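Observations on the three-dimensional arrangement
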Amino acid sequence: MVNIDDVNFSLVFNRNEKKVLKALAKVVSHGLGASYAPNLTEKDYQDIYALALNRLPARYCQKGTIVVGEPVREADVEEAVRDAFDTVIRRPKE
């Protein structure tokens, strides 16, 4: 029997994390995002990242997981990132 304290849960991850990072890089390199990017702090980026992930359905898996379907489209991810970006720009936390 495996003791839960000995299980390495760090191998389980949200498949949307990489998608959000890719979309975030796209958003801050074009248009309005590019004009705000020089003023964003590390905290701002973390807030945008977390908020975007929270707006998407979780897609947890582990190495070797078979993915049957991908319900989250790239357009959905980009929209979540843009919304999160707008939220952080409008209401920054100090």
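Just so we're clear, the structure is a prediction, and the values are computed from it rather than from any experiment.

**Considering the nonpolar core**
In terms of nonpolar packing, the biggest core is built from 18 residues, with V20, I48 and V81 touching the most fellow members. Contributing elements (two or more residues each) for this core: α1 (16–27), α3 (42–55) and α4 (74–90). When sequence neighbours within four positions are dropped, the list of residues in contact with V20 reads Y49, A52, L53, L56, V77 and V81.

**So, the packing of α3 against α4**
Following both chains from N to C, one finds α3 and α4 inclined at 135 degrees, their axes separated by 8 Å at the closest point. With respect to their mutual orientation, α3 and α4 come out oblique. Along this stretch, α3 crosses α4, giving a crossing that reads as right-handed. Within the contact between the two elements, α3 uses D44, D47, I48, L51, A52 and R55 and α4 uses A80, V81, D83, A84, F85, T87 and V88. Looking at side-chain class alone, the contact of α3 with α4 contains eight nonpolar, one polar and four charged residues.

**Considerations on the side chain of N16**
By the secondary structure assignment, N16 is in helix α1. When sequence neighbours within four positions are dropped, the list of residues in contact with N16 reads L53, L56, P57, R59, E70 and V72.

**Notes on the pattern of salt bridges**
The final tally for this structure, using the stated rule, is four salt bridges. Between K26 and E78 there is a salt bridge; the shortest N-O distance is 3.1 Å. In this pair, K26 sits in helix α1 while E78 sits in helix α4, placing the two residues 52 residues apart along the sequence. By relative accessible area, which is 18% here, E78 ends up buried. Notably, a salt bridge pairs K43 with D47, separated by 2.9 Å at the nearest N-O pair. With K43 and D47 both in helix α3, this residue pair falls four residues apart, about one helical turn. Take D47: its relative accessible area is 19%, and that puts it in the buried class. Salt bridges sharing partners connect three or more residues here, namely K26, E78 and R82.

**Focus on the environment of R15**
For R15, the location among the structural elements is in the loop between β1 (12–14) and α1. Once the C-alpha coordinates of R15 and Y60 are considered, the two residues, 45 residues apart in sequence, prove to be 5.9 Å apart.

Parameters and conventions
- Throughout, a residue's number is its position along its own chain's written sequence, starting from 1.
- Per-residue local features of the predicted model are confined to residues with pLDDT of at least 70, and side-chain atom pairs are confined, for both listing and counting, to 80 or more; whole-chain, interface and lining totals are unaffected and use all residues.
- Excluded from the side-chain calculation are hydrogens and water; included are all heavy atoms of the structure.
- Residues belong to one nonpolar core when they are buried, are Ala, Val, Leu, Ile, Met, Phe, Trp, Tyr or Cys, and are joined through side-chain atoms within 4.5 Å.
- Think of it in three bands: with a 1.4 Å probe and only protein chains considered, a residue is buried below 20% of the maximum accessible area for its type, exposed above 50%, and partly exposed in between.
- A run of DSSP states H or I qualifies as a helix once it reaches four residues; a run of E qualifies as a strand once it reaches two. Both are numbered from the N-terminal end.
- Note on contacts: a residue pair qualifies if any of its non-hydrogen atoms lie within 4.5 Å across the two residues.
- A fitted line through C-alpha atoms serves as each axis, taken over the contacting stretch for helices, and the angle formed by two N-to-C directions is quoted from 0 to 180°.
- Every angle not falling under 35 degrees, over 145, or within 65 to 115 is termed oblique; those three ranges are roughly parallel, roughly antiparallel and roughly perpendicular.
- Whether a crossing is left-handed or right-handed is set by the direction in which the near helix is turned from the far one by less than a right angle, anticlockwise for left-handed and clockwise for right-handed.
- All residues other than Ala, Val, Leu, Ile, Met, Phe, Trp, Tyr, Cys, Pro, Asp, Glu, Lys and Arg, Gly among them, are scored as polar; the first ten of these are nonpolar and the last four charged.
- Whenever Lys or Arg places a side-chain nitrogen within 4 Å of a carboxyl oxygen from Asp or Glu, that contact is recorded as a salt bridge.

Geometric descriptors of this kind do not, in isolation, establish any biological role.
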